[in-house]
Amino acid sequence: MTFEADINSRLAAVRERVERATDRAGRPRGSVRIVAVSKTFPAEYVRAAAAAGQVDFGENRVQEALQKIPATADQKIRWHLVGHLQSNKARKAAEAFAYIHSVDRRDLLSRLDAAAVEAGTSPRVLVQVDLAGEVTKHGAPVDAVRDLLDDARRCRAVRAVGLMALPPLTEDPEGARPFFRRLREIREQLVAGGVDPSLVAELSMGMSHDLEVAIDEGATIVRVGTAIFGSRSR
Ligand SMILES: *Cc1c(COP(=O)(O)O)cnc(C)c1O
């Protein structure tokens, strides 16, 4: 099979998994968006998925994305940054990405906003929440999320739209369930505490091996790499 045909059929399979999981959870069709994570794969793979109707694409490194974005500029694509963002790359990220899933500190948020104002962009951001304490390195501590969202409300160009989590990897997809559930509960508590629901509408959680569990726990965005593009060498 050509890689185009491969991507086509894998993408169809992922859409089916998402639909089935959405139905099973009793949630409306179309309430879960797939972000195709194309990291390590060439621009031709992005094109192939775009030709199959995929619109949202994710990258975890700014530098790598900045190669692929111009190479696919003729496609209708929304780019998402799903990986850690260093402050010194905030400017480039604010220019290039429609969504940034990894905002986890105030200085990063204000840099992004200043850069977006200057660039005339309006990136949507998600607050990455560290649910596992010492296990993961990135993400805001749970008790810092509220302050970040308050800051985000005062931003001029950046708009907070949700929360993101990257639980520690477990072989059994069910192992991630407590983390996914926790992220949903954090959202509920924030809203109960007076946070504008539109700031936390999206829950970005679930990847190739555990997207069903994430959808069952309320994911609105799943970030899917290997199940669409194949396994990565790095
Ligand atoms: C690579 C990556 C994914 C996709 O992982 P797969 O297991 O390949 O589906 C999702 N989220 C983030 C943050 C990633 O870096």
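This text follows the structure it describes.
Since the structure is predicted, the reported quantities are computational estimates derived from the model, not experimental observations.

Inspection of every chain in the model, using the stated rule, returns four aromatic pairs. Ring centres of F3 and Y45 lie 4.7 Å apart, and the angle between their planes is 5 degrees; on these two criteria the pair is classed as stacked. In this pair, F3 sits in helix α1 (residues 3-24) while Y45 sits in helix α2 (residues 43-51), placing the two residues 42 residues apart along the sequence. The exposure class assigned to F3 is partly exposed, which follows from its relative accessible area of 29%. Between F57 and W79, the ring centres sit 5.8 Å apart and the planes meet at 40 degrees, which makes this aromatic pair tilted. Of this pair, F57 sits in strand β2 (residues 56-59) while W79 is found in strand β3 (residues 78-81), placing the two residues 22 residues apart along the sequence. For F57, a relative accessible area of 0% translates into the label buried. Cluster of aromatic residues (ring-pair linked, three or more members): F3, F41, Y45 and F229.

The next thing to look at is helix α5 (residues 106-119). With 14 residues, α5 should reach 20 Å at 1.5 Å per residue; the first-to-last C-alpha distance of 20 Å fits that figure. If you check which residues of α5 are buried, you get L108, L109, L112, D113, A115 and A116. Those residues of α5 that are buried are in contact with α4 (90-96), β4 (99-103), β5 (124-130) and α6 (145-153). Of the residues flanking the end of α5, it is G120, one or two places downstream, whose phi is positive at about 75 degrees.

Cut-offs and rules
- Residues numbered from 1 in each chain as written.
- Predicted model: local features only at pLDDT ≥ 70, side-chain atom pairs only at ≥ 80, totals over all residues.
- Heavy atoms only, no water.
- Phe/Tyr/Trp six-rings, centres within 6.5 Å; stacked < 30°, edge-to-face > 60°.
- Helix = DSSP H or I, 4+ residues; strand = E, 2+ residues; numbered from the N terminus.
- Buried < 20%, exposed > 50% of the residue type's maximum accessible area, 1.4 Å probe, protein only.
- Expected span 1.5 Å × (residues − 1).
- Contact = heavy atoms within 4.5 Å.

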